[in-house]
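Listed below are the residues making up each chain.
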Amino acid sequence: MALQCGIVGLPNVGKSTLFNCLSNAKAQAANFPFCTIEPNVGVITVPDDRLNKLAELVHPGRIVPTTVEIVDIAGLVKGASKGEGLGNKFLANIRETDAIIHVLRCFDDDNVTHVDGTVDPVRDKEIIDAELQLKDLETIESRIQRVQKQAQTGGDKVAKQTYEVLLRYKTALEQGKSARTVTFDTKEEQKIAHDLFLLTTKPVLYVCNVDEASAATGNAYVEQVREAVKEENAEILVVAAKIESEIAELETYDERQMFLEEIGLEESGVSRLIKSAYALLDLETFFTAGEMEVKAWTYHKGWKAPQCAGVIHTDFEKGFIRAEVIKYDDYIVYGSEAAVREAGKLYVEGKDYVVEDGDIMHFRFNV
C-alpha cells in the first residue's frame, strides 16, 4: 500500500529545503534510505524501531520496511484555480496524493524575502486554501447542475442524497471553509462524499518551518497557525528545516543524534513527519517475520485479518482460513516464535479478528 504525500507551499517558505532533507541519503540511519523516482518524487522508508528489534531476534536474510512517496509539488500562485502559472499541474498533482504536507513559514529572516513582503503563516495558508476551495466549488457546482433536476423531481434516492451532500459542501466552500470541515453521519453519505475526490477533503499536515531557537518549543507564529486550523481535520508539526538540512550533512548517526539533543529534540523532523502522516491517515503496521525476511506492512486501522492478508497477496484474502498472531511485546519478551508458542502466547484468529498495530502475522489460506 503505497502512501503518497504532496509537499505544498508558497515560494521561500522552506518547502524545497524540507524535500531536500528527505532526499539526502545520510539524513537517517542506514535502514532509512531514500531513492528518487523522478526529479520531484522520492521514496523514503518509514522509521520503525520495532522492525529493527525483530530483525535482531530473527536474523533474517533481509529487512523490508514500508515506504512513503514524497512529491515536491510545483509552487502555487494566486489564480491557480483558473490555470494561472502552473496552476493546472499543481492541482492535478495534489489530486493524486493521499495527504497534503502544507509547509508554512514561521520564522523571521531578512535574508530570505517573503513573496508577499511580510511573514504571516495564516495568510499564506489562506492563499493556498482559497485556490483549492475555488477549484472544489467549481467541481461541486458542475455536479449540482447534473443531479439537481433528478433529485428534486424524480424518486431517485441516491440522486437526492448526492444533491444534499453537494449542497452542504457548497455552503461550506462559499463560506471559505475547506470540505474536510463537513462531516456526514451515514455510510451512504460518506461514500458519496468520498467519491467526489475533492481537493480540500484530503487530510493535511501543517508543517510550521521555524528557526533553530524555536525547534523544540515553537513560537508565536506556530500558535497563530494552531488557532487558525483548530476546526480542521489536520495536524501540526514544528520543524526547523534549515537545521534539519545541517543535521543531514553529518556523517554518523551518533553525531546526528547529539545535534538533535542539543536543540532539545529526541528524533529528527523527517521521522516525525512520516509518522505524523501515517497517523493522519489512520494507517498502522503489522509484521511478518521469518528466516528469509522481516517485513513491515501498512494497513488501515480497523481492518480485519482477511483484509490485511490481502495486503500481502489477493489470494491470501480470497482463500483465508485463519491467522496466527503474536503480539509484538510477547515476541520481544520471549525472543523467538518457538518460545512464544511454548509459552502459549501465539493466538489463532479467524475472519473477524481486528488486526492491531505491531501484530506479527502468519496467514493460513487455501485457493
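See the structure above.
Read on for a plain summary of the structure. Just so we're clear, the structure is a prediction, and the values are computed from it rather than from any experiment.

As for its position among the elements, Arg95 is in helix α3 (residues 87-95). Overall, Arg95 belongs to the partly exposed group, its relative accessible area being 35%. Each C-alpha atom, one on Arg95 and one on Phe197, is 7.6 Å from the other, the two residues being 102 residues apart in sequence. Setting aside residues no more than four positions away along its own chain, Arg95 makes contact with Lys135, Phe197, Leu199 and Lys202.

For the rest of this paragraph, the subject is the nonpolar core. Core analysis: the biggest nonpolar cluster contains 60 residues, and Cys5, Ile7, Val68, Ile70, Cys106, Val207 and Leu273 have the highest contact counts within it. At 6 residues, helix α10 (residues 269-280) tops the list of elements feeding residues into this core. Excluding anything up to four places from it in sequence, Ile7 contacts Lys15, Leu18, Phe19, Leu22, Ile70, Val71, Asp72, Ile73, Ile101 and Val103. Counting residues in hydrophobic clusters, the runner-up holds 19 residues, among them Val147, Ala159, Leu166 and Ala193.

It is worth spelling out unusual backbone geometry at this point. For His59, which is not glycine, the phi torsion reads 55° and is therefore positive. Position of His59 relative to the elements: it lies in the loop between α2 (49-58) and β4 (62-64). The phi dihedral of Asp282 falls on the positive side, at around 55°, and the residue is not glycine. Assignment of secondary structure puts Asp282 in the loop between α10 and β9 (283-289).

Let us look at the pairing of strand β10 (residues 293-300). Most of β10 sits inside the fold, with 7 of its 8 residues counted as buried. Pairing geometry for β4 and β10, over 3 bridges, is parallel. The residue bridging Val64 from the neighbouring strand is Lys295, located in β10. Bridge analysis of β9 against β10 gives 7 bridges, and the strand direction is antiparallel.

Once that is clear, we can look at the side chain of Glu284. With respect to the element layout, Glu284 can be found in strand β9. Despite its burial, Glu284 pairs with no opposite charge, the nearest such side chain being Lys301 at 4.5 Å. Here Tyr299 takes part through its side chain, which lies 2.9 Å from a polar atom of the side chain of Glu284. Ignoring any residue separated from it by four or fewer positions in sequence, one finds Glu284 in contact with Trp297, Thr298, Tyr299, Lys301, Val355, Glu356 and Asp357.

For Leu132, the location among the structural elements is in helix α4 (residues 121-153). Sequence-wise, Leu132 and Leu199 are 67 residues apart; in three dimensions their C-alpha atoms are separated by 6.2 Å.

In this section: the packing of α4 against helix α5 (residues 157-174). At a minimum axis separation of 9 Å, α4 and α5 run at an interaxial angle of 150°. Looking at the two axes, α4 sits roughly antiparallel to α5. The interaxial crossing formed by α4 with α5 has left-handed handedness. Residues Gln133, Asp136, Leu137, Ile140, Glu141, Arg143, Ile144, Val147, Gln148, Gln150, Ala151 and Gln152 of α4 pack against Ala159, Lys160, Thr162, Tyr163, Leu166, Leu167, Tyr169, Lys170, Leu173 and Glu174 of α5. Partitioned by chemical class, the residues of the contact of α4 with α5 number 11 nonpolar, 5 polar and 6 charged.

Each value, and the rule that gives it
Residues numbered from 1 in each chain as written. Predicted model: local features only at pLDDT ≥ 70, side-chain atom pairs only at ≥ 80, totals over all residues. Heavy atoms only, no water. Helix = DSSP H or I, 4+ residues; strand = E, 2+ residues; numbered from the N terminus. Buried < 20%, exposed > 50% of the residue type's maximum accessible area, 1.4 Å probe, protein only. Contact = heavy atoms within 4.5 Å. Core = buried A, V, L, I, M, F, W, Y, C linked by side-chain atoms within 4.5 Å. Pairing = 2+ DSSP bridges. Lys, Arg positive; Asp, Glu negative; His and termini not counted. Salt bridge = Lys/Arg side-chain N within 4 Å of Asp/Glu carboxyl O. Polar contact = N/O pair within 3.5 Å; in protein donor to acceptor, adjacent residues only side chain to side chain. Axes fitted to C-alpha atoms, helices over the stretch in contact; angles between N-to-C directions. Parallel < 35°, antiparallel > 145°, perpendicular 65-115°, else oblique. Left-handed = near helix turned anticlockwise from the far one by under 90°. Nonpolar A, V, L, I, M, F, W, Y, C, P; charged D, E, K, R; others polar.

Structural measurements only, silent on function.
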